Amino acid sequence: MALPGEFEFPHPVSGVNATDLFSLNTFLGAGIELEVIRTLNGLRHIWDKENQWSEYRFERSNQAFPDVRLVRHHLDGAEDIALGIELKGWWMLAKEGVPSGRYVPSPEACAPHDLICVVPWYLSSAISGLPQVVEPWIESARYAAEWRDYWWQNVRDSKGTDTSISYPEGARPYPEKANRVNAVAAEDSGGNFGRLPRSRPLMDSFIKQTMAVPVLGIRTDAWVSFLQLHRGSATPESIMEKLQRRIKKQDRKLADGTAAEILATLKEVADLLP
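None of the values given here were measured: they were computed from a predicted structure.

**Side note on helix α5 (residues 204-211)**
So, point 1. Buried residues of α5: F206, I207, T210 and M211, and no others. Relative to the axis of α5, the buried residues are bounded by an arc of 125° and lie together on one face. For α5, exposure combined with an orientation more than 90 degrees from the buried face picks out S205 and K208.
So, point 2. On its buried face, α5 sits against β3 (79-91), β4 (115-123), β6 (137-140), β10 (218-219) and α6 (220-229).

Right, here's the structure in full:
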């Protein structure tokens with residue numbers, strides 16, 4: 001929880017077209033995660049006040065679950081793992097409006113103290129600048145996996161599809177890269193198994209809180225809505241049409257005649273666009 005006050009990303013981001021910003025999470029995601037690991041090690045004075053874990057440090061695990069581990073190495077090559085963290089970055093202005101990563105490990109692959117952590121981040125000048133992080137979401141890795149499976153089989157509207165889940169045999173905590181630990185849904189044509197924001201209400205309050213964070217004085221959800229309008233092959237005309245539809249939906253909340261005035265003004269602006 002101390003990450004926001006200590007996080008420092010060394011390089012600013014600039015020169016990215018606003019319409020290409022949605023690729024930032026993929027482009028910068030790994031770098032953000034590495035910086036989070038560096039920050040965690042720098043926060044030793046908080047999580048190891050009595051110096052009981054001086055031989056341990058957070059390290060990234062090479063594509064094995066969980067991807068961050070608190071490890072002590074021995075001279076003979078053996079290692080002791082105190083806990084693991086499945087770490088995922090979430091660029092707050094992404095078009096989905098929710099974390100998009102999938103979380104699919106079997107519950108049996110989660111040790112009792114393991115965590116899943118989603119770190120929201122944004123650029124200091126919204127579409128450029130230094131990455132900044134805000135309060136992360138932290139949950140027991142095993143609990144998140146168990147709730148994900150329960151929601152998939154018992155809560156969601158499955159519409160008669162096969163809700164069974166297959167688990168790899170012999171799944172255990174801190175596997176090697178080659179070990180299979182992922183659960184697999186029998187029917188998942190949309191690729192939605194493991195998307196924790198859908199496993200409601202697991203992340204609901206966190207997402208709502210994050211979408212209310214101001215970036216340059218404007219709420220994150222407003223930035224997301226604005227950027228969504230301009231994605232892809234959007235033209236000034238199509239953007240104006242979408243704005244008009246949104247205003248019409250809000251007509252009941254506006255004073256009499258206000259919506260009509262706004263639409264008329266938007267039409268005048270559209271006519272002035274080349």
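**Looking at the pairing of β4**
So, point 1. Most of β4 sits out of view: eight of its nine residues are buried.
So, point 2. Strand direction decides the pairing type here: β3 and β4, joined by seven bridges, are parallel. For W91, the partnering residue across the bridge sits in β4 and is W121.
So, point 3. Note: β4 against β6, four bridges, orientation antiparallel. Bridged to L115 within β6 is S140.
So, point 4. When β4 meets strand β5 (residues 131-133), the two strands line up antiparallel, connected through three bridges. Paired with W121 across the two strands is V133, which belongs to β5.

**A word on the side chain of R148**
So, point 1. With respect to the helices and strands, the residue R148 is situated in helix α4 (residues 141-155).
So, point 2. Reaching out from R148, the side chain makes a polar contact with the backbone oxygen of P105 at a distance of 2.9 Å.
So, point 3. What R148 contacts, discounting residues up to four positions off in sequence, is Y103, V104, P105, S106, P107, A183, F193, G194, L196 and S199.

**Observations regarding the packing of aromatic side chains**
So, point 1. Per the counting criterion, the structure on display carries eight aromatic pairs.
So, point 2. Ring centres of W152 and F193 lie 5.3 Å apart, and the angle between their planes is 75°; on these two criteria the pair is classed as edge-to-face. One end of the pair, W152, is in helix α4; the other, F193, is in the loop between β8 (184-185) and α5, with 41 residues separating them in the sequence.
So, point 3. On the accessibility criterion, W152 (5% relative accessible area) is buried.
So, point 4. An aromatic cluster is built from W90, W137 and F206, whose rings are joined through pairwise contacts.
So, point 5. Directly above the ring of W152 sits R156, whose terminal nitrogen or CZ lies 3.6 Å from the centroid.

**Details of the nonpolar core**
So, point 1. The biggest cluster of nonpolar side chains holds 33 residues, and the ones touching the most others in it are L24, V36, W91 and W121.
So, point 2. Elements with a contribution of two residues or more to this core: α2 (24-42), β2 (68-73), β3, β4 and α6.
So, point 3. No other element matches α2, which puts six residues into this core.

**Focus on the environment of S106**
So, point 1. Of note, S106 is situated in the loop between β3 and β4.
So, point 2. The exposure class assigned to S106 is buried, which follows from its relative accessible area of 2%.
So, point 3. With 74 residues separating them along the chain, S106 and R180 place their C-alpha atoms 9.4 Å apart.
So, point 4. Ignoring any residue separated from it by four or fewer positions in sequence, one finds S106 in contact with R148, Y167, P168, A171, V181, N182 and A183.

How each quantity is defined
- Residues numbered from 1 in each chain as written.
- Predicted model: local features only at pLDDT ≥ 70, side-chain atom pairs only at ≥ 80, totals over all residues.
- Heavy atoms only, no water.
- Buried < 20%, exposed > 50% of the residue type's maximum accessible area, 1.4 Å probe, protein only.
- Helix = DSSP H or I, 4+ residues; strand = E, 2+ residues; numbered from the N terminus.
- Arc of directions from axis to C-beta.
- Contact = heavy atoms within 4.5 Å.
- Pairing = 2+ DSSP bridges.
- Polar contact = N/O pair within 3.5 Å; in protein donor to acceptor, adjacent residues only side chain to side chain.
- Phe/Tyr/Trp six-rings, centres within 6.5 Å; stacked < 30°, edge-to-face > 60°.
- Lys NZ or Arg CZ within 6 Å of the ring centre and 35° of its normal.
- Core = buried A, V, L, I, M, F, W, Y, C linked by side-chain atoms within 4.5 Å.

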